[in-house]
Amino acid sequence: MTDRVHFSFALSPRMRSFIELRDALNCLDKAYTEKLGSNWLHAACDLRASLLGDHGRKNAIPEVICLFKDMKNYLKKLADDVPKYRDHILQSCDHIDFIVGQLKPGLPEACQYLTQDALVNAYLNTQKKHDWLGHKLCMQQSINAIWIHADMRTQPLHKALAPLSHAINSLNEMLNDFVGWESCMAEGGTGQITPERGKSFGLLVIALPASAVSEGVIPDISGNKLAIRLRFQRWEPGKSTSDFSENIPYSMMLVPIGN
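What you see is a predicted model; the values in this text were computed from it and never measured. (Residues numbered from 1 in each chain as written. Predicted model: local features only at pLDDT ≥ 70, side-chain atom pairs only at ≥ 80, totals over all residues. Heavy atoms only, no water.)

Draft legend 1. Structural detail: the overall build of the chain. For the chain, the count of helices and strands is nine helices and eight strands. Judged by the C-alpha coordinates and their principal axes, the chain covers about 55 × 50 × 30 Å. Per-residue burial over the chain gives 42% buried out of 259 residues. Accessible surface computed for the chain: about 14,600 Å², of which carbon and sulfur atoms make up 52%. Placing the 28 positive and 28 negative side-chain charges of the chain at their respective mean positions leaves the two points 5 Å apart. (Helix = DSSP H or I, 4+ residues; strand = E, 2+ residues; numbered from the N terminus. Buried < 20%, exposed > 50% of the residue type's maximum accessible area, 1.4 Å probe, protein only. Areas by Shrake-Rupley, 256 points an atom, 1.4 Å probe, with all protein chains shown as cover. Lys, Arg positive; Asp, Glu negative; His and termini not counted. Charge placed at Lys NZ, Arg CZ, Asp CG, Glu CD.)

Draft legend 2. Examining the sheet that holds strand β2 (residues 182-186) more closely. With respect to topology, four strands assemble into an open sheet ordered β1-β4-β8-β2, the strand pairing being antiparallel. Across the chains shown, the open sheet's two edge strands, defined by having one partner strand only, are β1 (4-10) and β2. Pairwise comparison of adjacent strand axes, ignoring direction, gives a mean angle of 30° for this sheet. As judged from the five bridges shared by β2 and strand β8 (residues 248-255), these two strands associate in the antiparallel manner. Across the sheet, glutamate 182 pairs through a bridge with methionine 252, a residue of β8. Lying on the sheet, helix α1 (residues 13-34) is in contact with β1 and β4 (203-209); it crosses β1 at an angle near 135°. (Pairing = 2+ DSSP bridges. Axes fitted to C-alpha atoms, helices over the stretch in contact; angles between N-to-C directions. Contact = heavy atoms within 4.5 Å.)

Draft legend 3. Representation of the environment of leucine 157. Tracing the backbone through its elements, the reader meets leucine 157 in helix α8 (residues 150-176). Expressed as a C-alpha distance, the spacing of leucine 157 and glutamate 109, which sit 48 residues apart in the sequence, is 7.7 Å. Not counting residues within four places of it along the chain, the set of residues in contact with leucine 157 comprises Leu28, Trp40, Ala110, Tyr113 and Leu114.

Draft legend 4. Representation of the pairing of strand β5 (residues 217-223). Relative to strand β6 (residues 228-234), β5 runs antiparallel, the two being bridged by seven bridges. Each bridged residue has a counterpart across the sheet, and for serine 222 the counterpart in β6 is arginine 229. Connecting the antiparallel pair β5 and β6 is a turn made up of four residues.

Draft legend 5. Seen up close, the pattern of salt bridges. Per the stated rule, a full pass over the model turns up 14 salt bridges. Its salt-bridge partner being aspartate 46, residue arginine 57 comes within 2.4 Å of it at the nearest N-O pair. Remark: aspartate 46 occurs in helix α2 (residues 37-52) and arginine 57 occurs in the loop between α2 and α3 (60-81); sequence separation between them is eleven residues. Here arginine 57 falls in the partly exposed class, since its relative accessible area comes to 22%. On the basis of relative accessibility, which here comes to 26%, the residue aspartate 46 falls in the partly exposed class. Among the salt bridges present, the one from lysine 58 reaches glutamate 63, with a minimum N-O distance of 3.3 Å. Note on lysine 58: relative accessible area 51%, which makes it exposed. (Salt bridge = Lys/Arg side-chain N within 4 Å of Asp/Glu carboxyl O.)

Okay, structure coming up:
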């Protein structure tokens, strides 16, 4: 599905914490690669909220570890049900243990950086409603000059985050390869997903053709664990959100992890 865009919808608080952490890390890495100072600072503050539990968020690390445990338990049950692939599945369980073990070394250093770094703290101050000391003005005037030595400033954090990034990417790949895709058609731009009764799901992934997303077609979901309503919207430049009323093909998967 290389020509498709994936949209992840959390069906549980635990999965929401994972998605927020995953996206913060991805944004931070992209800004680091492209040397975009303001983008990097914004992503660093978002990451800080996930790692430290700021701004109403829970600390995401215990949630991620629980997701790995859920995955491992599910695989163990699968190994019992499919003896032919038992050894291969149990190897995946051992790999999960290895990944979780790699999480710990860099986290204290990363959290210390995000807590103490003067630039990150100054950027956080720009987000406050009453920025009495003019941090926002100071930031805009200084960021380009500061970012001349971006590698020296940012490398310690990215080095400390390397094990966490590897773990999150591995978990994301597992979740997106966990079950098969189901091809669907949203007639008139709407559809309904009925999860299997007696089974709990933590994640819904919707895949849309990249060409449709490039034209501003975006999925929106509502509902509950018994029925999920899917409605497609169009986001056009300079216009309010409008309903997309044409038939549109999409693919979806429900992941029974992290419920």
